[in-house]
Amino acid sequence: MSHPRAGLALALGSAVSFGLSGALARPLLESGWSAGTVSMFRIAIAGLAVLPFGLSALRGRWSLLRANAGTLLLYGLVAVTVAQFCYFSAVRHMEVAPALLIEFTAPATVVAWMWLRHGQRPGRVTFLGAAIAVLGLVLVLDLLSGADLSTAGVLWALAAMVGCTTHFVVSGDTTNGLPPLTLAAGGFVVATVALATLGLTGLLPMATASEQVTYAGTSVSPWVVLVTLGLVTAALPYTLGIAAARHLGSRLASFVALSEVVAGVLWAIVLLGEVPRPVQVLGGVLILTGVVAVKLGERSIRTVDPLPV
C-alpha cells in the first residue's frame, strides 16, 4: 500500500544522509585514499549492517533471491557500484556541488525512461516542475558565477548519474516481491564483491593513508570516517530510499531526492566551512517548489504505448 506522507519523510531522510557523503569523503580522497578503496569500505560496512535485516525480511522465501538474481546484480553493479565509485571519482576532480548537480540530472532521465519504456507520458505540470527544480539546482550550486569544471570530473559525474537513475527505477519496482531491506543488502553484497575483485586483480587502484582528516577544525581517524560513511551515508539512506520509492514511485522519489543537493551544501557549511550565498537559498526554495509541481503533475500522467527496447 502506498503512503505518500511516509514516503516523503523516508525520501527526505535518505537525501539528508546521502548528502553527507561528499563532504565526508573529499578530505579522505585528498589525503591519499583512492575512490575505489573508499567505495569498497563504505559499501562493505553498509552490507554488514543491513544483511541480517535483509535476510530476515525474506521470511524464508529464498526463491525470491533466485527469481530476482538479475535484478540484484543490476542493482548492485550499477545502482550501487557505479553510482558510488563514479561519484567519489568525480569529487576527486571537482567540487562536491557541481558533481552533485550533474549526478542529479537523474530525475529527468527517470521521467524519460518511464515515458519511453512504460508509456507514462508526463504532463505539462511535471515538465514545469522539472524545469523549476533544475533552475533551483543551478542557483543552489551557484554555477551562474562560473564554476571551474573538470572534463574528467564531468564524465565521472555523468556515469554516476546512470547509476543514480538505475537506483530510482529499480527501487520503485514493486512487482519483483523483494523487500526493500533485501534489495539493499543484496546490492551491497554484489557491489562489495565486485569492487574487491577489481582491487585484487589490480584493475582498480586501492590506496589508503594513515593520516587523520579534518572537519570543522577537528581531526579524526580515517577509520571513524569510513564507518560513518558506511552506516550513516550508505546503509541508512539506501534502505530509506528504496522504501520511499515503493511509496512514492520512481519519478517522484527521484525528484524529492533533489533535496540531497541542498543537504550536501548544508553539510559543506558545517564540515568544510563553505557558506552559501543568498542566491543559493533561493535555489533551495525553487527545488522544493519543483518537487511540489512534480507531485501535482502525477495526476495528469497519460499512458501511451511504450517503445520497444
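Residues numbered from 1 in each chain as written. Predicted model: local features only at pLDDT ≥ 70, side-chain atom pairs only at ≥ 80, totals over all residues. Heavy atoms only, no water.

Undergrad: Kindly report on the overall build of the protein chain, identifying the contributing residues and their values.
TA: When you go through the protein chain residue by residue, the secondary structure sums to 13 helices and four strands. For the protein chain, the residues scored as buried account for 51% of the 309 residues in total. When contacts within the protein chain are restricted to residue pairs at least 6 apart in sequence, those whose partners lie at least 24 apart make up 89%. Summing over all exposed atoms, the protein chain offers an accessible surface of approximately 13700 Å²; the carbon and sulfur share of this is 68%. (Helix = DSSP H or I, 4+ residues; strand = E, 2+ residues; numbered from the N terminus. Buried < 20%, exposed > 50% of the residue type's maximum accessible area, 1.4 Å probe, protein only. Contact = heavy atoms within 4.5 Å. Areas by Shrake-Rupley, 256 points an atom, 1.4 Å probe, with all protein chains shown as cover.)

Undergrad: Tell me about the confidence of the model for the protein chain, and please be specific about residues and values.
TA: Looking at the protein chain, pLDDT values average 83 and 90% of them are 70 or higher. Contacts from residues 301-309, a stretch scored under 50 in pLDDT, to residues over four places away or in other chains number 21 contacts. (pLDDT = per-residue confidence, 0-100.)

Undergrad: How would you sum up the environment of A160? Please name residues and give values.
TA: With respect to the secondary-structure elements, A160 resides in helix 8 (residues 151-171). Of the residues examined, A160 reaches a relative accessible area of 0% and is grouped as buried. Put simply, A160 and C86 are 74 residues apart on the chain and 5.0 Å apart in space, counted from C-alpha to C-alpha. Contact partners of A160, with chain neighbours within four places excluded, come to V82, A83, C86, Y87 and E103.

Undergrad: Give me the nonpolar core: which residues, what numbers.
TA: If you look at the biggest cluster of nonpolar residues, it comprises 83 residues, and the most contacted ones within it are L28, V38, Y75, Y87, F104 and F188. Among residues more than four places away in sequence, those in contact with Y75 are V80, H167, V170, S171, L183, A184, G187, Y238 and I242. (Core = buried A, V, L, I, M, F, W, Y, C linked by side-chain atoms within 4.5 Å.)

Undergrad: Requested: an account of the side chain of T166, with residues and values cited.
TA: Tracing the backbone shows T166 in helix 8. A polar contact is formed between the side chain of T166 and the backbone oxygen of V162, at a distance of 2.9 Å. Every residue in contact with T166, bar those within four places of it in the chain, is listed here: L74, V78, A79 and S171. (Polar contact = N/O pair within 3.5 Å; in protein donor to acceptor, adjacent residues only side chain to side chain.)

Undergrad: So what's going on with the side chain of T165? Which residues, and what values?
TA: Positionally, T165 belongs in helix 8. Look at T165 and you get buried, because its relative accessible area is 9%. Ignoring anything within four residues of it in the chain, the contact list for T165 reads A106, T109 and V110.

Undergrad: Can you tell me about helix 10 (residues 222-248), naming the residues and giving the values?
TA: Here helix 10 spans 36 Å end to end across 27 residues, near enough to the 39 Å set by a 1.5 Å rise per residue. Of all the bends in helix 10, the largest measures some 30 degrees and sits at P237. Note on helix 10: the residue one or two positions beyond its end, G249, has a positive phi of about 90 degrees. (Expected span 1.5 Å × (residues − 1). Bend = angle between axes of the 7 residues up to and from the residue.)

Undergrad: Can you tell me about the environment of M94, naming the residues and giving the values?
TA: Its place among the elements puts M94 in the loop between helix 4 (69-93) and helix 5 (96-103). Residue M94 is classed as buried on the basis of its relative accessible area, which comes to 3%. For the pair M94 and A157, spaced 63 residues apart in sequence, the C-alpha separation works out to 9.6 Å.

Undergrad: Summarise the environment of S89; cite the residues concerned and give the values.
TA: Position of S89 among the secondary structure elements: in helix 4. Sequence separation of S89 and G153 is 64 residues, and the distance between their C-alpha atoms is 7.2 Å. Residue contacts for S89: discarding those within four places in its chain leaves A35 and W156.

Undergrad: Report on the packing of aromatic side chains, specifying residues and quantitative values.
TA: Within this structure, the stated rule accounts for eight aromatic pairs. Taken together, a centroid distance of 5.0 Å and an interplanar angle of 80 degrees make the contact between F18 and Y238 edge-to-face. Remark: Y238 occurs in helix 10 and F18 occurs in helix 1 (residues 4-30); sequence separation between them is 220 residues. Of the two residues, F18 and Y238, neither departs from the other in class, the shared state being buried. Relative to F41, the ring of W33 has its centre 6.4 Å away and its plane inclined at 80 degrees; by these criteria the two rings are edge-to-face. The class for F41 is partly exposed, based on a relative accessible area of 26%. (Phe/Tyr/Trp six-rings, centres within 6.5 Å; stacked < 30°, edge-to-face > 60°.)

Undergrad: Could you give me a rundown of the pattern of salt bridges, with the residues and numbers involved?
TA: This model, assessed by the stated rule, comprises one salt bridge. Where R26 meets E30, a salt bridge forms, and the shortest distance between an N and an O atom there is 3.1 Å. Of this pair, R26 and E30 are both found in helix 1, four residues apart, which corresponds to roughly one turn of the helix. A relative accessible area of 59% places E30 in the exposed class. (Salt bridge = Lys/Arg side-chain N within 4 Å of Asp/Glu carboxyl O.)

Undergrad: Residues and numbers for unusual backbone geometry, please.
TA: The phi dihedral of R59 falls on the positive side, at around 50 degrees, and the residue is not glycine. One can find R59 in the loop between helix 2 (35-58) and helix 3 (63-67). In this model, A216 sits at a positive phi of 50 degrees, which is unusual for a non-glycine residue. Tracing the chain through its elements places A216 in the loop between strand 2 (213-215) and strand 3 (218-220). Judged by its relative accessible area of 54%, A216 falls in the exposed class.

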